[in-house]
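# Residue-level structural notes
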Amino acid sequence: MIEVKHLTKRYGGHTAVSDLSFEIDKGVIYGFLGPNGAGKSTTMNIITGCLGATEGEVLVDGHSVSEEPMEAKKRIGYLPELPPLYTDMTPEEYLRFVAEAKGVSRKEQAEQIAAIMEKTGITQVSHRLIRNLSKGYRQRVGIAQALLGKPEVIILDEPTVGLDPAQIIEIRDLIRELGKEHTIVLSSHILSEVQAVCDSIMIISGGKLVASDTTENLTRRFAGTQTLRLEADADEKTMRKVLDRVDGIASVEVKPEEKESTVLLVKAEEDKDIRAKVFKAFAKENVTLLEMTTVHADLEDVFLELTQSDAPAQSETAAQAPDTAEEEKTGEEEAQ
Ligand code: ADP
Ligand code: MG
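Values in this document were obtained by computation on a predicted structure and should not be read as measured data.

A few words on the coordination of the magnesium ion (ligand 2). Coordination of the magnesium ion (ligand 2) by the protein is provided by Ser-41 (OG) and Glu-81 (OE), with metal-donor distances spanning 2.0 to 2.6 Å. With a gap of 40 residues between them, Ser-41 in helix α1 (residues 40–47) and Glu-81 in the loop between β6 (76–79) and α3 (91–101) connect regions that are remote in the sequence. Ser-41 sits in the buried class, given a relative accessible area of 18%.

Structure representation (structure tokens):
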């Protein structure tokens, strides 16, 4: 559906995106994951034809974004990081305006706008001024304008940023719903967010792709080693003695908690599930195991490791060098 080939974007001396290549397949929800400054917005702006690339090309259904912009752009709906909402309009007026700009025929406009407002849940606020709407509703209006013209692919740049927890859940549900009919690419700097919504994840750091796989595979890979939190009605020495009898343990450490009982963190060797053995060993030695839980925190750790070690020279600080500011003044970005 979309092919990104050797994409590079330089702002003066600063490389924001470096030789990025990947493919977007039809019908999948992709998560474009990376810390702030990783190059997510830059990549999305290039894919949607809002920004020119320094090197490389993007094909949408075989149409080059730079050479056949009309053909490429009509297949994509885009919600930029800062949605271009006209706050003095009502959602309905605004959607009519965007439909006109996208060349949706007059005949189709009313029907399409009504259907999209229904789908995005803004029908009941369609006659209020956008400026008076909550951030959650404004974001829905932003998503609605992306859907106009019935594009196959919807690209959403940090769609849940700045929303409260309830609004985040609503927008996530909406995105999942849209994923049934569209190919979706959304960006986020939050691992749990893309895990919750996306089928496939691309991790970008310092303008480079550092990992790309299905959410399931990445989760399994990240969480390859099992960590158990064990709480027992015994002292550390007794617990360690029991654990000595269990195969497949890589390390044991005490977790200081203000409790009568003892809490240990037990790391298994790679790809080993030691839960049954641990349970049986405690039962056999007649030591009371009060609680055994799997700790999932290492997923976040691996993400941090992946995205920090790969970008020593292209941190946010580097991006604030003087040449960056100069570049911004030249007005590199073209209007859509
Ligand atoms: P993300 O969306 O992942 O936070 P961006 O694509 O916005 O990252 O930015 C990638 C890098 O490019 C950052 O280091 C950022 O400071 C820099 N950058 C983005 N836009 C410009 C611009 N218009 N001029 C100069 N540098 C820019
Ligand atoms: Mg961004």
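With that settled, the discussion passes to the pattern of salt bridges. Scanning all chains against the criterion turns up 21 salt bridges. Put simply, Asp-61, Glu-71, Lys-74 and Arg-75 are held in one network by salt bridges that share partners.

Across the interface, helix α5 (residues 135–147) lies against helix α6 (residues 165–178) with an axial gap of 10 Å and an inter-helix angle of 15°. Judged by the angle between their axes, α5 and α6 are roughly parallel. The element α5 and its partner α6 pack so that their crossing is right-handed. Across the interface between the two elements, Lys-135, Gly-136, Gln-139, Arg-140, Ile-143 and Leu-147 of α5 pack against Gln-167, Glu-170, Ile-171, Leu-174 and Leu-178 of α6. When the residues that make up the contact of α5 with α6 are grouped by side-chain class, the tally is five nonpolar, three polar and three charged.

This brings us to the sheet that holds strand β1 (residues 2–11). What the four strands build is an open sheet, ordered β2-β1-β4-β5; its pairing is antiparallel. This sheet does not close on itself; its edge strands, each paired only once, are β2 (14–24) and β5 (63–64). Summarising the sheet, β1 and strand β4 (residues 55–60) pair through five bridges and their orientation is antiparallel. Each bridged residue has a counterpart across the sheet, and for Glu-3 the counterpart in β4 is Leu-59. Where α1 meets the sheet, its contacts fall on β1, β2 and β4, and the angle it forms with β1 comes to roughly 120°.

Let's shift gears to the environment of Ile-47. Inspection of the secondary structure puts Ile-47 in helix α1. Residues Ile-47 and Leu-7 lie 40 residues apart in sequence; the distance between their C-alpha atoms is 9.7 Å. Residues contacting Ile-47, with those up to four places away along its chain left out, are Ile-2, Val-4, Phe-22, Val-58, Val-65, Ile-76 and Ile-155.

Once that is clear, we can look at the nonpolar core. Within the largest apolar cluster, 43 residues are counted, with the highest numbers of intra-cluster contacts made by Leu-95, Ile-143, Leu-156, Leu-186 and Ile-203. Other than its neighbours up to four places away in sequence, Leu-156 contacts Met-44, Leu-79, Ile-143, Ile-175, Ile-184, Val-185, Leu-186 and Ser-187. Counting 30 residues, the second-largest nonpolar core is a separate cluster that includes Ile-2, Val-4, Tyr-30 and Tyr-78.

A word on the pairing of strand β8 (residues 183–188). Each regular strand shows side chains that alternate between the opposite faces of the sheet. Of all six residues making up β8, six are buried, and the element is well covered by its neighbours. Alternating positions in β8 separate into two faces, Thr-183, Val-185 and Ser-187 on one and Ile-184, Leu-186 and Ser-188 on the other, with burial throughout. Bridge count between strand β7 (residues 153–156) and β8: four bridges; the pairing is parallel. In the sheet register, Ile-155 faces β8, and the bridge partner there is Val-185.

Every buried residue of helix α9 (residues 236–243) is listed here: Met-239, Val-242 and Leu-243. For α9, the buried positions fall inside an angular range of 100° around the axis, keeping them on one side. Residues of α9 that are exposed and point more than 90 degrees away from the buried face comprise Lys-237 and Lys-241. Where α9 is buried, its residues contact β11 (227–232), β12 (249–254), β13 (262–268) and α10 (275–284).

Sheets are built from strands that pair by backbone hydrogen bonding, the pairs being arranged parallel or antiparallel. The mixed open sheet is built from six strands, whose spatial order is β6-β7-β8-β3-β9-β10. Edge positions in the sheet fall to β6 and β10 (208–214), since each of these pairs with one other strand and no more. On average, each strand axis in the sheet is tilted by 15° relative to the strand beside it, whichever way the strands run. Where strand β3 (residues 29–33) meets β8, five bridges bridge the pair, whose relative direction is parallel. Bridge pairing in β8 places Gly-31 opposite Leu-186. Sitting on the sheet, α1 touches β3, β6, β7, β8 and β9 (200–205), and the angle it makes with β8 is about 150°. Its contacts with the sheet put α5 on β6 and β7, and the angle it makes with β6 is roughly 160°.

On to the pairing of β1. Both β1 and β2 contribute to a ladder of seven bridges, which runs antiparallel. Within the sheet, the bridge partner assigned to Glu-3 lies in β2 and is Glu-23. Hairpin remark: β1 followed by β2, antiparallel, with two residues in the connecting loop; positive phi at Gly-12, about 60°.

Our next topic: the side chain of Thr-262. Within the element layout of this structure, Thr-262 appears in strand β13. A residue is classified by how much of its surface remains accessible, and Thr-262, at 12% relative accessible area, is buried. Discounting residues that sit within four places of it in the chain, Thr-262 has contacts with Leu-230, Glu-231, Ala-232, Ala-234, Asp-235, Glu-236 and Met-239.

In this section: the packing of aromatic side chains. By the definition in use, this model includes three aromatic pairs. Taking the centre distance of 5.7 Å and the plane angle of 50° together, the rings of Phe-22 and Phe-32 count as tilted. Pair noted here: Phe-22 is in strand β2 and Phe-32 is in strand β3, with a separation of 10 residues, a long-range link. Owing to a relative accessible area of 9%, Phe-22 belongs among the buried residues under this scheme. Accessibility expressed as a relative area gives 1% for Phe-32, which makes it buried. Ring geometry for Tyr-86 and Phe-97: centres 5.3 Å apart, planes at 85°, overall edge-to-face. Taken together, the residues Tyr-86 in the loop between β6 and α3 and Phe-97 in helix α3 connect sequence positions 11 residues apart.

Thresholds, definitions, all that
- Residues numbered from 1 in each chain as written.
- Chains lettered and ligands numbered in written order.
- Predicted model: local features only at pLDDT ≥ 70, side-chain atom pairs only at ≥ 80, totals over all residues.
- Heavy atoms only, no water.
- Donors = N, O, S within 2.8 Å, 3.2 Å for Na, K, Ca; no water.
- Helix = DSSP H or I, 4+ residues; strand = E, 2+ residues; numbered from the N terminus.
- Buried < 20%, exposed > 50% of the residue type's maximum accessible area, 1.4 Å probe, protein only.
- Salt bridge = Lys/Arg side-chain N within 4 Å of Asp/Glu carboxyl O.
- Axes fitted to C-alpha atoms, helices over the stretch in contact; angles between N-to-C directions.
- Parallel < 35°, antiparallel > 145°, perpendicular 65-115°, else oblique.
- Left-handed = near helix turned anticlockwise from the far one by under 90°.
- Contact = heavy atoms within 4.5 Å.
- Nonpolar A, V, L, I, M, F, W, Y, C, P; charged D, E, K, R; others polar.
- Pairing = 2+ DSSP bridges.
- Core = buried A, V, L, I, M, F, W, Y, C linked by side-chain atoms within 4.5 Å.
- Arc of directions from axis to C-beta.
- Phe/Tyr/Trp six-rings, centres within 6.5 Å; stacked < 30°, edge-to-face > 60°.

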